[in-house]
Amino acid sequence: MTHEPRTSLSRRGLLRAGTGLGVAALGLGFGAGAASAAVPTSQRFDLTEPSYDLFRGKSLHDVTVQQGFAYDNVNRRLFVAQRRDGSAETAGDLCITQLDFDGNYIGYMHLTGFGHGVAFGAQGVGTSTYLWTEAEANSNGYGKKLARFKFTSGTTLSNTSSALTKYTPVSTATEHTCSIDPVNNRLIVRYNLSDGKHIAVYDLADATNGDFSSPLADFKQPSLPTLSSTFQGYAAYGQYLYVLTGTSYDASGGVVNSEVTSIDMNTGTIKQGPVLTQAGSTLDFREPEGLAIYQTVAGEVRLFLGFASGAAGDRRSNLFYKNALV
């Protein structure tokens, strides 16, 4: 049985509950409009504060490195994405594993030709969970569009399945990924144009209905002065976007360079960081893989950081969280 993640001594959370939304929309979304800055102000996570363990060393359905993860804050569910074992890195074939909050295996779903899995969203609708992922992988293995579909354990979906509702939030973009702010019910879209990566923020109910005409924010992702340029995940809470960068490290070599940066989505500028994170610093193999937001039943908002560990052919999932808001 899935239960609440363990709480820490600190409870500096905002008491706003997430709610399930909407039904699937038909057709493609509209292109994003002119840049705006209308995301309501909020607190932000202090990235210099400690991180706490949720779990370490948990097996997923496949043996590959995890790529991203997401919480259904309505039904209290956790999902982790990874490349399907045996598939080419550019094929876009994903495995989504459902775990409980102790990291115990519950179920899985296979996605064929979807994308890389660096970020995705989980939207609770009644007792069901609908996943928002990239879809229609390009030659680089990243999704050209977004897709929304019901998580059904033990099944396989192709990127042409009629079970998908597909969206193109920005008509001129060559790639789309997304994440959900489950506290404020917003869809965060990271998309690629000829000049680089951009971020747009939409009301989740509007996005579910295929309306991308009124973004709350739309800006070019700022340059990140990090130790590593390898982008490993993003998540948003309120006014702020959080970005994870870094590469793998093990005792035989490598540099500890996993960093988190916060960006004010109303200005498109860096607010804090990059901050080197020590979460999971004692893992035998440590690669930063994914960020997500979760709000506990008691109201504490948490920024979760994901790391892969373990030997090749037996990679494991590890989740940690920060909860200090300022």
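Residues numbered from 1 in each chain as written. Predicted model: local features only at pLDDT ≥ 70, side-chain atom pairs only at ≥ 80, totals over all residues. Heavy atoms only, no water.

**Brief notes about the confidence of the model for the chain**
What counts, and what does not: pLDDT expresses how confident the predictor is about each individual residue, on a scale running from 0 to 100. Only heavy atoms matter for contacts: two residues are in contact if any of them lie within 4.5 Å across the pair.
Taken as a whole, the chain shows an average pLDDT of 90; of its residues, 89% reach a score of 70 or greater. Counted against residues more than four places away or in other chains, residues 1–34, with its pLDDT under 50, gives 116 contacts.

**Thoughts on unusual backbone geometry**
Under the convention used in this document: Only DSSP runs of H or I reaching four residues or more are called helices, and only runs of E reaching two or more are called strands; each is numbered from the N terminus.
Along the chain, Gly273 connects to Pro274 via a cis peptide bond; the corresponding omega equals 5°. Of note, Pro274 is situated in strand 19 (residues 269–276). Phi is positive for Arg76, which is not a glycine, with a value near 60°. Positive phi values are uncommon outside glycine, yet Glu136 reaches one of about 60°. Structurally, the position occupied by Glu136 is in strand 7 (residues 128–137).

**Some points on the nonpolar core**
Short version of the rule: By convention a nonpolar core is built from buried Ala, Val, Leu, Ile, Met, Phe, Trp, Tyr and Cys residues, the set being connected through side-chain atoms within 4.5 Å. Three labels apply to residues, based on accessible area from a 1.4 Å probe with only protein chains included: buried if under 20% of the type maximum, exposed if over 50%, partly exposed otherwise in between.
Among the nonpolar cores identified, the biggest contains 20 residues, and Phe45, Leu47, Tyr237, Tyr242, Ile293, Val301 and Leu303 are the most heavily contacted of them. Contributing elements (two or more residues each) for this core: strand 15 (231–237), strand 16 (240–245), strand 20 (285–295) and strand 21 (301–309). With residues near it in sequence (within four places) discarded, Phe45 still touches Tyr237, Tyr242, Gln272, Ile293, Val301, Arg302, Leu303, Lys322, Asn323, Ala324 and Leu325.

**Topic: the sheet that holds strand 12 (residues 186–193)**
Within a sheet, each strand pairs with its neighbour through backbone hydrogen bonds, oriented either parallel or antiparallel. We apply this condition: Any two strands with at least two DSSP bridges between them are considered paired. All axes here are fitted lines through C-alpha atoms, helices being fitted over the stretch that makes contact, and every angle between N-to-C directions spans 0 to 180 degrees.
Reading across from one edge, 11-12-13-14 is the order of the four strands in this open sheet, with antiparallel pairing throughout. Strands at the two margins of the open sheet, each flanked by one partner only, are strand 11 (175–181) and strand 14 (217–220). Direction aside, the axes of adjacent strands within the sheet are offset by 15° on average. Where strand 11 meets strand 12, seven bridges bridge the pair, whose relative direction is antiparallel. In the sheet register, Ser179 faces strand 12, and the bridge partner there is Ile188.

**Some remarks on the sheet that holds strand 8 (residues 143–150)**
Spatial strand order, 6-7-8-10: four strands in an open sheet with antiparallel pairing. Each of the sheet's edge strands pairs with one partner strand only, and the pair in question is strand 6 (121–125) and strand 10 (165–167). Shown here is a sheet whose adjacent strand axes are inclined to one another by a mean of 30°, direction ignored. The sheet contact formed by strand 6 and strand 7 spans five bridges and is antiparallel. For Val125, the partnering residue across the bridge sits in strand 7 and is Ser128.

**What to know about the pattern of salt bridges**
As a reminder, the rule being used: Note on definitions: salt bridges are taken to be side-chain nitrogens of Lys or Arg within 4 Å of carboxyl oxygens of Asp or Glu.
What the rule picks out here adds up to six salt bridges. The partner of Lys145 in a salt bridge is Glu136, with the nearest N and O atoms 3.7 Å apart. The partner of Glu175 in a salt bridge is Lys197, with the nearest N and O atoms 2.9 Å apart. With Glu175 in strand 11 and Lys197 in strand 13 (residues 196–203), this residue pair connects regions lying 22 residues apart in the sequence. Under the relative-accessibility criterion, Lys197 is labelled partly exposed at 24%. Overlapping salt bridges, with partners in common, bring together Glu136, Lys145 and Lys166 in one network.

**Quick look at the packing of aromatic side chains**
Selection criterion: Pairing of aromatic rings covers Phe, Tyr and Trp, the last counted by its six-membered ring, and requires centre-to-centre distances within 6.5 Å; plane angles under 30 degrees mean stacked, over 60 mean edge-to-face, and any other angle means tilted.
Tallied over the entire structure, the rule returns 16 aromatic pairs. Considering the side-chain rings of Phe45 and Tyr237, the 5.8 Å spacing of their centres and the 55° angle between planes classify their relative orientation as tilted. Of this pair, Phe45 sits in the segment before strand 1 (52–58) while Tyr237 sits in strand 15, and the two are 192 residues apart along the sequence. The residues Phe45 and Tyr237 share a single accessibility class, namely buried. Measuring from centroid to centroid gives 5.9 Å for Phe114 and Phe149, while their planes differ by 75°, and the two rings are edge-to-face. Of this pair, Phe114 sits in the loop between strand 5 (105–112) and strand 6 while Phe149 sits in strand 8, and the two are 35 residues apart along the sequence.

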